[in-house]
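What follows is the residue order along each chain.
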Amino acid sequence: MIGSKEISPVELLDACIAQIERVNPFLNAVTATCFDRARDEARAAERAVLDGQPLGLLHGLPLGVKDLEATAGLLTTYGSPLYRDNVPAEDNVLVARLRAAGAIVAGKTNIPEMGAGANSRNDVWGATGNPFNPNLNAGGSSGGSAAALAADLLPVCTGSDTGGSLRIPAAKCGVVGFRPSPGVVPSSRKLLGWTPISVVGPMGRTVADACLQLAASAGVSAGDPLTYPLDPLSFLTPAAVDLGSLRVAYTEDFGCCDVDDGIRRTFREKIDAMRHLFRTCDAIDVDLGEAHRCFDVLRAESFVAGMRDAYERDPSQLGPNTRANFEMGARMSLLDSAWAQAEQTRILQRFQQLYRDYDVILSPTTPVSPFPWTSLYAESINGVRQENYYRWLSLTYVVTLATHPALSLPCGRDHQGMPFGLQVVGGFRKDHETLGISHAMEQAFAAIPSLRRPLPDLDALKPAEPALTSIVTAPPVLDAKVKQGREASAV
């Protein structure tokens, strides 16, 4: 529409700002903003259209950037009081690529502190509420991005994923989150450059939206040594897939994950409603060895690398999640690390056996329906107490360990009337195929009421109780460079 002059970038940005000002106070999805700068860039984007200049893939599209990604001249807090006045001098690789494709940064989106956990709340900005019920959590760590997309605040938002941070909030908010294979999109901020468990990836209201962002951000970068040469534009159009030819496997729990009985029933009902679409659709048994302990070690390694300076300076400035991860890692030895690396290799090899007879594996994305954001995490599932704050994320982090591409696809509602996310796990390095399968399923689901993407009733939103900003201990210190427009509902 921008390219054909049906709508101008200025009009689109103004509409997004109006929607943010109307809806964001209920959700607290968008935090720091730079509306004045964005309006200048939108006017420049409008002139480029009128002058017939070449347009990028994201030309004139307002962009929300997850608060883990550095943005030039715009507050980047990582959700931590340690960085409440941090204004980077330059964009990181991901943001720079999206802006080079024409996207206009409008603001940041909320996260848990340091991205730790799947409940987007922190002491800087407060909590993000779910667009379907602001009293419930929006997932994380890309929760602000997922909520912003679901509530039509912004058309493009970024995400990242270690244990499920793209997929879980997408599932809870009824949008798409795609975890690509390691190295597809550069993640220049990870200190352990060779680890495959942390990736950057796209989110969108649809699979096509996710593909658009992926095409604008994928490709080799020396900032991430796992990246490799590829054709980013190959992701622009999802591959055509005949669902009737697919051999589909499904599992409720990957043989090792705690899952709520209501989610299990919902998942079985979804499978029954879609199995006629496929050539075959079979339940499978999965043995992933000591996946939980393996993820414990690998995750802790990343947190030790990233949090050591902050912890040694003042551990009291870190929240309970990040502190727990650092302290867990600090107690580990080289023996633990070597074992975990070897176990991950064994898990990868076991995973490949499942794809000898099947093209794709389906599972629930999350084991529980969205719970109140006032609970930091799901402490128990079906009466089983979870060992730590992230154990309830195991449906997604066992797939992380296998390094396969995985997408959370909106799939109707769960037993509580909240969005249900279907995890679509493709074959090893088969990102194009995974996106194509998901796109074909999305199109088929649109004709099946129990499977189609649910939409929140934004006109019925009511303020959360307690207020979403109730956990903020002090307002962020904002640099003059970012005091452009209305900074954030949380302030």
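Looking at an unreviewed UniProt entry, the protein carries the name Amidase, with the source organism given as Cupriavidus pauculus.

(A) View of the overall build of the protein. Assigned secondary structure in the protein consists of 12 helices and 17 strands. Based on the C-alpha atoms only, the size of the protein along its principal axes is roughly 55 × 55 × 45 Å. Counting every position in the protein, which comprises 491 residues, the buried fraction comes to 62%. The long-range fraction of contacts in the protein, counting pairs at least 24 apart against all pairs at least 6 apart in sequence, stands at 77%. Surface exposure of the protein reaches about 17800 Å², of which carbon and sulfur atoms provide 51%.

(B) Structural view of helix α1 (residues 9-27). Here α1 spans 25 Å end to end across 19 residues, near enough to the 27 Å set by a 1.5 Å rise per residue. Maximum bend of α1: about 40 degrees, positioned at Glu21, with proline Pro25 one to four residues after it. Restricting attention to buried positions, one finds in α1 the residues Pro9, Leu12, Leu13, Cys16, Ile17, Gln19, Ile20, Val23, Asn24 and Leu27. In the stretch just after α1, Asn28 is the one whose phi turns positive, near 55 degrees.

(C) Seen up close, the environment of Lys5. By the secondary structure assignment, Lys5 is in the segment before α1. Each C-alpha atom of the pair Lys5 and Thr365 lies 39 Å from the other, and the pair is 360 residues apart in sequence. Non-local contacts of Lys5, meaning those with residues more than four positions away in its chain, are made with Val49 and Leu50.

(D) Looking closely at a nonpolar patch on the surface. On the surface, Leu57, Leu233 and Leu236 cluster together into a nonpolar patch covering about 230 Å² of accessible area. Note that Leu233 resides in the loop between α6 (207-217) and β11 (247-250).

(E) Examining the confidence of the model for the protein more closely. Per-chain confidence: the protein averages 94 in pLDDT, with 96% of residues scoring 70 or above. Within the protein, helix α9 (residues 320-330) has the poorest average pLDDT of any element, 84, and strand β17 (residues 419-425) the best, 99. This model gives residues 475-491 a pLDDT under 50, and the stretch forms 49 contacts once residues within four places in sequence are excluded.

(F) Structural view of the packing of aromatic side chains. Applying the stated criterion across every chain, the model contains 10 aromatic pairs. When the ring of Phe295 is compared with that of Tyr397, the centres are 4.2 Å apart and the planes differ by 5 degrees; the resulting orientation is stacked. With Phe295 in helix α8 (residues 291-313) and Tyr397 in helix α11 (residues 394-402), this residue pair connects regions lying 102 residues apart in the sequence. On the accessibility criterion, Phe295 (1% relative accessible area) is buried. Look at Tyr397 and you get buried, because its relative accessible area is 0%. Taking 5.9 Å as the distance between ring centres and 40 degrees as the angle between the ring planes, the aromatic pair formed by Phe351 and Tyr355 counts as tilted. In this structure Phe351 comes out as buried when scored by relative accessible area, which is 0%. Under the relative-accessibility criterion, Tyr355 is labelled buried at 14%. In this structure an aromatic cluster arises from ring pairing among Phe295, Tyr389, Tyr390 and Tyr397. Looking at Arg293, its charged tip hangs above the ring of Trp339, at a distance of 3.8 Å from the centre.

(G) Focus on the sheet that holds strand β13 (residues 360-364). Within the open sheet, the 11 strands sit side by side as β1-β3-β2-β8-β10-β9-β16-β17-β13-β11-β12. Their pairing is mixed. Both outer strands of the open sheet, β1 (30-33) and β12 (280-283), are each paired with one neighbouring strand and no more. Ignoring strand direction, the axes of neighbouring strands in this sheet form an average angle of 30 degrees. Taken together, the three bridges between strand β9 (residues 176-179) and strand β16 (residues 406-413) define a ladder with antiparallel strand orientation. What sits directly across from Phe178, in β16, is Leu407.

The rules behind each value
- Residues numbered from 1 in each chain as written.
- Predicted model: local features only at pLDDT ≥ 70, side-chain atom pairs only at ≥ 80, totals over all residues.
- Heavy atoms only, no water.
- Helix = DSSP H or I, 4+ residues; strand = E, 2+ residues; numbered from the N terminus.
- Buried < 20%, exposed > 50% of the residue type's maximum accessible area, 1.4 Å probe, protein only.
- Contact = heavy atoms within 4.5 Å.
- Areas by Shrake-Rupley, 256 points an atom, 1.4 Å probe, with all protein chains shown as cover.
- Expected span 1.5 Å × (residues − 1).
- Bend = angle between axes of the 7 residues up to and from the residue.
- Patch = residues over 30% accessible without salt bridge, like charges linked within 9 Å, V, L, I, M, F, W, Y side chains within 5 Å.
- Salt bridge = Lys/Arg side-chain N within 4 Å of Asp/Glu carboxyl O.
- pLDDT = per-residue confidence, 0-100.
- Phe/Tyr/Trp six-rings, centres within 6.5 Å; stacked < 30°, edge-to-face > 60°.
- Lys NZ or Arg CZ within 6 Å of the ring centre and 35° of its normal.
- Pairing = 2+ DSSP bridges.
- Axes fitted to C-alpha atoms, helices over the stretch in contact; angles between N-to-C directions.

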